[in-house]
Amino acid sequence: MGTLNFMFPNSLLDGTCKIVALGDTKLRNSKQRTSCFDPLRVGDCTDHQKLYMGRKRGIVTNLKAVVDVDKRVESYGSSDVEGNESGNYDAIVIGSGIGGLVAGTQLAVKGAKVLVLEKYVIPGGSSGFYQKDGYTFDVGSSVMFGFSDKGNLNLITQALAAVGCKLEVIPDPTTVHFHLPNDLSVRIHREYDDFLEELVSKFPHEKEGIIKFYSECWKIFNSLNSLELKSLEEPIYLFGQFFKKPLECLTLAYYLPQNAGDIARKYIKDPGLLSFIDAECFIVSTVNALQTPMINASMVLCDRHFGGINYPVGGVGEIAKSLAKGLVDQGSQILYRANVTSIILDNGKAVGVKLSDGRKFYAKTTVSNATRWDTFGKLLKAENLPKEEENFQKAYVKAPSFLSIHMGVKADVLPPDTDCHHFTLEDDWTNLEKPYGSIFLSIPTVLDSSLAPEGQHILHIFTTSSIEDWEGLSRKDYEAKKELVAERIISRLEKTLFPGLKSSIVFKEVGTPKTHRRYLARDSGTYGPMPHGTPKGLLGMPFNTTAIDGLYCVGDSCFPGQGVIAVAFSGVMCAHRVAADLGFEKKSDFLDSALLRLLGWLRTLA
């Protein structure tokens with residue numbers, strides 16, 4: 001699942017640029033954190049009053065701004081970002097999701113002058129946070145892939161360290177605990193051998209198939225993990241990696257057009273086990289294994305054991321806040337309450353953006369962290385849709401959004417040693433991909449108790465839901481439907497996992513796809529693309545360059561797709577390609593042209 005909500009040499013982790021693991025120690029009685037701004041809410045425009053009324057100008061971070069966890073912002077920063085007609089920026093980044101922040105910080109570190117424009121009042125997008133009544137809630141999932149201290153696929157760690165950050169983390173001993181039909185219960189242990197032993201104990205007759213399938217995942221992961229990850233659209237880098245690691249590159253090329261479900265069926269026959277692998281892939285991509293690219297699946301199915309899942313002290317929002325601070329520390333800027341409504345073109349080239357308040361900012365390049373549908377349907381006029389975007393929107397559709405329930409509950413409702421993350425599908429495998437069919441649950445206070453008042457836990461429950469299910473309702477009917485659907489979801493968890501759950505609720509707030517659309521500025525509240533049919537692996541996914549000169553895309557609408565580790569990868573690739581085009585990296589115009597034509601042709605094969 002994209003919301004699960006996703007590398008560099010160990011020497012770079014020395015000094016201040018390191019992750020500090022706290023072992024299994026749970027944080028107790030920590031000082032309650034105060035929001036840098038007023039407490040945020042996840043409600044809809046029909047749920048709550050408009051927030052942060054006042055001057056319409058944006059908020060520019062200075063060194064003490066949004067990234068300071070314990071202190072309220074005293075100054076919104078410099079006032080010189082009122083519009084830049086001279087175009088002194090090297091790059092404008094639209095949106096401060098993880099993909100946009102990684103791209104922006106990577107460019108800033110290379111010496112580029114970057115301006116990040118964020119519609120909301122904090123960074124992070126679906127990896128952001130909000131605070132209410134003493135709780136610090138993660139907006140999306142609290143499962144953080146790519147966040148360890150070893151290898152080359154720990155892309156979140158690399159991005160943070162590149163800007164000199166230091167985050168404390170708590171290792172999660174169980175990535176997710178599956179509760180599935182036919183009383184199938186499987187824990188994804190941090191140690192691979194422990195996970196393998198448990199899965200084989202459930203399907204002893206498929207031991208050989210299990211080992212062979214996950215071994216193929218490891219083959220792909222190890223190939224990726226051996227490479228220095230940069231832009232696949234930059235030929236000097238690409239050819240250099242091929243000559244250094246030809247076997248690994250050929251391995252990845254072989255698996256590029258393949259899907260996890262096809263590989264699994266080469267070795268496994270048991271329908272229950274194949275359905276479990278569908279569930280494994282569903283939390284990566286919101287589709288089943290037959291529609292999940294094998295490379296995507298392998299990245300997360302192995303990273304959880306190689307580096308492990310580590311939770312940042314203070315919540316997932318600390319990652320985005322640290323990246324935002326790092327961006328500013330590098331001499332670039334981030335502007336909040338900056339709602340970009342259009343991309344400015346000059347003779348077919350992207351030269352800047354226009355905000356809803358009329359201000360215009362200009363730059364040599366523009367990077368959109370919006371979805372492809374927002375970028376090419378709203379920020380640019382839909383009638384000028386490039387052919388490659390038409391092809392993309394035929395091959396991929398918008399993945400569903402989510403119904404989210406954030407709750408505070410009395411701690412004693414949870415049994416001792418409760419796992420942090422749960423995935424529940426109680427009765428029928430056919431409901432896996434249906435709206436409200438399966439439920440994902442995060443309990444981050446199992447790891448960091450400081451996120452809730454003493455004696456309480458946070459439950460973040462989410463399940464797939466389409467925005468069409470919430471349109472055309474009166475405010476009264478909308479509120480009633482939210483309560484009805486949430487009550488049904490909570491009742492299912494009470495029956496399956498936690499008896500007495502409903503009576504233990506102290507705080508509850510429900511968000512719908514309309515909430516995600518409003519606060520995350522994502523078309524229909526979607527969490528990224530999913531294939532219209534059965535894809536040929538990752539062949540059809542677009543990269544960072546677009547048909548518009550000077551315009552690049554980043555995030556889950558780009559290769560390699562949904563998930564934190566995937567969008568971080570997208571950000572690294574985008575920054576490298578943009579840096580080459582700006583002259584901060586080596587490039588060859590002749591090789592560039594040839595490679596981009598080749599990649600365009602490969603996408604047509606999908």
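Values in this document were obtained by computation on a predicted structure and should not be read as measured data.

**What to know about the packing of aromatic side chains**
Going through the model one piece at a time under the given rule, you end up with 24 aromatic pairs. Geometrically, the ring pair formed by phenylalanine 242 and phenylalanine 243 is edge-to-face, given 6.0 Å between the ring centres and 70 degrees between the ring planes. Members of the aromatic cluster, connected to one another through ring pairs, are Tyr192, Phe195, Phe213, Tyr214, Trp218, Phe221 and Phe306. Above the face of the phenylalanine 195 ring, arginine 304 is positioned so that its terminal group lies 5.1 Å from the ring centre. The ring of tyrosine 478 carries the charged tip of lysine 514 above its face, separated from the ring centre by 4.7 Å.

**Notes on unusual backbone geometry**
Excluding glycine, residues mostly carry a negative phi; peptide bonds, for their part, are mostly trans. Residue proline 560 is bonded to the preceding phenylalanine 559 through a cis peptide linkage, with omega at 5 degrees. Summarising the element assignment, proline 560 is placed in the loop between strand S22 (551-553) and helix H15 (564-582). The phi angle at aspartate 183 is positive, at roughly 60 degrees, despite the residue not being glycine. On the secondary structure map, aspartate 183 appears in the loop between strand S8 (174-180) and strand S9 (184-189). For aspartate 183, a relative accessible area of 77% puts it in the exposed group. Despite not being glycine, alanine 521 has its phi angle at roughly 55 degrees, a positive value.

**Structural notes on the pairing of strand S16 (residues 401-410)**
Burial runs high along S16: 9 of the 10 residues are buried. Sheet topology places S16 next to strand S19 (residues 456-465); 10 bridges connect them, and they run antiparallel. Across the sheet, histidine 406 pairs through a bridge with histidine 460, a residue of S19. Pairing analysis gives 6 bridges linking S16 to strand S20 (residues 505-511), with the strands arranged antiparallel. Directly across from isoleucine 405, in S20, lies its bridge partner valine 510.

**Observations regarding the nonpolar core**
Counting residues in each nonpolar core, the largest one holds 148 residues, and the members touching the most others are Phe178, Phe213, Tyr214, Phe276 and Phe423. If one sorts the elements of this core by residue count, H15 sits on top with 11 residues. Setting aside residues no more than four positions away along its own chain, phenylalanine 213 makes contact with Ala260, Ile263, Ala264, Tyr267, Ile268, Ile277, Met294 and Leu301. Ranked by size, the runner-up nonpolar core spans 22 residues in total, among them Leu355, Ala370, Phe376 and Cys553.

**Considerations on helix H3 (residues 192-202)**
Turning to H3, its buried residues number three or more, namely Tyr192, Phe195, Leu196, Glu198, Leu199 and Val200. The inward-facing, buried residues of H3 abut S9, helix H4 (207-225), helix H8 (271-285) and helix H9 (294-306).

**Some thoughts on the pattern of salt bridges**
All told, the structure shown has 26 salt bridges when counted by the stated rule. Between lysine 110 and glutamate 585 there is a salt bridge, and its shortest N-O distance comes to 2.8 Å. In this pair, lysine 110 is assigned in the loop between helix H1 (98-109) and strand S4 (114-117) and glutamate 585 in the loop between H15 and helix H16 (589-604), connecting sequence segments 475 residues apart. When its relative accessible area of 28% is taken as the criterion, lysine 110 is described as partly exposed. Connected via shared salt-bridge partners are Arg577, Asp581, Lys587, Asp589 and Asp592.

**Topic: the sheet that holds strand S18 (residues 439-442)**
With mixed pairing, 7 strands are arranged side by side in an open sheet as S9-S8-S17-S18-S19-S16-S20. The open sheet has two edge strands, S9 and S20, and neither has a second partner. Direction aside, the axes of adjacent strands within the sheet are offset by 15 degrees on average. Pairing geometry for S8 and strand S17 (residues 421-424), over 3 bridges, is parallel. What sits directly across from phenylalanine 178, in S17, is phenylalanine 423.

**Considerations on the environment of glycine 600**
When you line up the elements, glycine 600 lands in helix H16. The sequence separation of glycine 600 and leucine 539 amounts to 61 residues, and the corresponding C-alpha distance is 9.7 Å.

Reading the values: rules and limits
Residues numbered from 1 in each chain as written. Predicted model: local features only at pLDDT ≥ 70, side-chain atom pairs only at ≥ 80, totals over all residues. Heavy atoms only, no water. Phe/Tyr/Trp six-rings, centres within 6.5 Å; stacked < 30°, edge-to-face > 60°. Lys NZ or Arg CZ within 6 Å of the ring centre and 35° of its normal. Helix = DSSP H or I, 4+ residues; strand = E, 2+ residues; numbered from the N terminus. Buried < 20%, exposed > 50% of the residue type's maximum accessible area, 1.4 Å probe, protein only. Pairing = 2+ DSSP bridges. Core = buried A, V, L, I, M, F, W, Y, C linked by side-chain atoms within 4.5 Å. Contact = heavy atoms within 4.5 Å. Salt bridge = Lys/Arg side-chain N within 4 Å of Asp/Glu carboxyl O. Axes fitted to C-alpha atoms, helices over the stretch in contact; angles between N-to-C directions.

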